[in-house]
Each structure stands twice: as C-alpha cells, then as structure tokens.
Amino acid sequence: MKGGKIGEFPAFNDKYIPGGALNLYDPFGWHKNRSEEAKAAGLVKEINNGRLAMLGIFGFISEQKIEGSVPLLKGVVPPYDGEFMAPFAKSIFPAISSL
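Residue numbers run consecutively from 1 along every chain, following the written order of its sequence. Two thresholds apply to this predicted model, a pLDDT of at least 70 for residue-level local features and 80 or more for giving and counting side-chain atom pairs, whereas whole-chain, interface and lining totals are computed over all residues. Side-chain descriptors were evaluated using all non-hydrogen atoms of the structure, hydrogens and water having been removed beforehand.

Overview of the overall build of the protein
- Secondary structure counts use DSSP, requiring at least four H or I residues in a row for a helix and at least two E residues in a row for a strand, with both numbered from the N terminus. The secondary structure content of the protein amounts to 1 helix and 0 strands.
- Think of it in three bands: residues with accessible area under 20% of the maximum for their type are buried, residues over 50% are exposed, and the middle band is partly exposed, with areas taken using a 1.4 Å probe on protein chains only. The buried share of the protein, taken over its 99 residues, is 5%.
- Excluding contacts between residues fewer than 6 apart, the proportion of contacts in the protein whose partners are at least 24 apart in sequence is 3%.
- Accessible area of the protein: about 9200 Å², with a carbon and sulfur share of 65%. Two residues qualify as a contact provided that any one of their heavy atoms is within 4.5 Å of a heavy atom in the partner residue. Using a 1.4 Å probe, the Shrake-Rupley method yields the accessible areas, and only the shown protein chains count as cover for residues.

Dropping the structure here:
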C-alpha cells in the first residue's frame, strides 16, 4: 500500500474515464496554485459554513415543531406534527431487530 499526503487526492486519469472527467474538488483548477495558508483558511471557512447550515436547519425544524420558538420564522414555515426522525426510527437491516 502506498502512502501519500493526507487529504490529497489524485486527479482523474483520462485513460480510465472515457471522454475525461472534471476533478470534483477543483474542477476548473482555480485553487491548485493557492498557498497552504490560503487552503487552510478556505478549509476553516468551509467547516464554519457547514456548521451554520446545520444551525439553520435546526432553526427551521424547531419552528415547525414548536410554533414561536424562533421569532424570526414565526408564520414563515407551516407547523409539522409528524416525526422528524421517522426515516431513522427503524433499522435499515430488517433481519437484525436489535438495531
């Protein structure tokens, strides 16, 4: 097994993918010449963006479940009486009932 730099992925090889493919991390090559400091700052921004998105989703869920819990969203989203975690209520492995 060959080692490599953690978090670094090779670009797609055109000989394995007919017609070629875009690199999913940096499809247009805009970031390949950035400094390590700029890449680290971008990573922190991306992580914080994800955290803020999760807080936003929780805000909408809270307002739907308990009306008035988020004053800015009062009347914006309709109330929901169902179970938010219903997709996770049953095991995805039907043969194993303990999960």
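Thoughts on a nonpolar patch on the surface
- For patches, a residue must show more than 30% relative accessible area and have no salt bridge; joins then use 9 Å for like charges and 5 Å for nonpolar side chains, namely Val, Leu, Ile, Met, Phe, Trp and Tyr. By convention in these notes, a salt bridge is any Lys or Arg side-chain nitrogen within 4 Å of a carboxyl oxygen on Asp or Glu. Together, Leu52, Met54, Leu55 and Phe58 make up a nonpolar patch on the protein surface, roughly 470 Å² of accessible area in all.
- As for its placement among the helices and strands, methionine 54 is situated in helix α1 (residues 36–65).

With respect to the pattern of salt bridges
- Summed over all chains, the structure comprises 1 salt bridge.
- Measuring nitrogen to oxygen at the nearest pair gives 4.0 Å for the salt bridge that ties glutamate 36 to lysine 39. A residue pair is termed a helical-turn pair when its members lie 3 or 4 positions apart in one helix, as glutamate 36 and lysine 39 do in helix α1 at 3 residues.
- Lysine 39 sits in the partly exposed class, given a relative accessible area of 33%.

Things to note about the packing of aromatic side chains
- Side-chain rings of Phe, Tyr and Trp (the six-membered ring for Trp) are treated as a pair once their centres are within 6.5 Å; stacked means planes under 30 degrees apart, edge-to-face means over 60, and tilted covers the remaining angles. With the rule as written, the count across this model stands at 1 aromatic pair.
- Summarising the aromatic geometry, the rings of tyrosine 80 and phenylalanine 84 are spaced 4.9 Å apart at their centres and angled 50 degrees between planes, so their arrangement reads as tilted.

Notes on the side chain of glutamate 63
- Here glutamate 63 shows up in helix α1.
- Charged residues are defined here as Lys and Arg on the positive side and Asp and Glu on the negative side; His and the ends of the chain fall outside this count. For glutamate 63, which is buried and forms no salt bridge, the nearest opposite charge comes from lysine 74, at a distance of 7.2 Å.
- Side-chain polar atoms of glutamate 63 contact the backbone nitrogen of valine 70, separated by 3.0 Å.
- Filtering out sequence-adjacent residues up to four positions away, glutamate 63 remains in contact with Gly68, Ser69, Val70, Leu73, Lys74, Gly75 and Val77. Here a polar contact is recorded for every N or O atom pair within 3.5 Å, except that within protein the pair must consist of a potential hydrogen donor and a potential acceptor, and residues adjacent in sequence are included only if both atoms are side-chain atoms.

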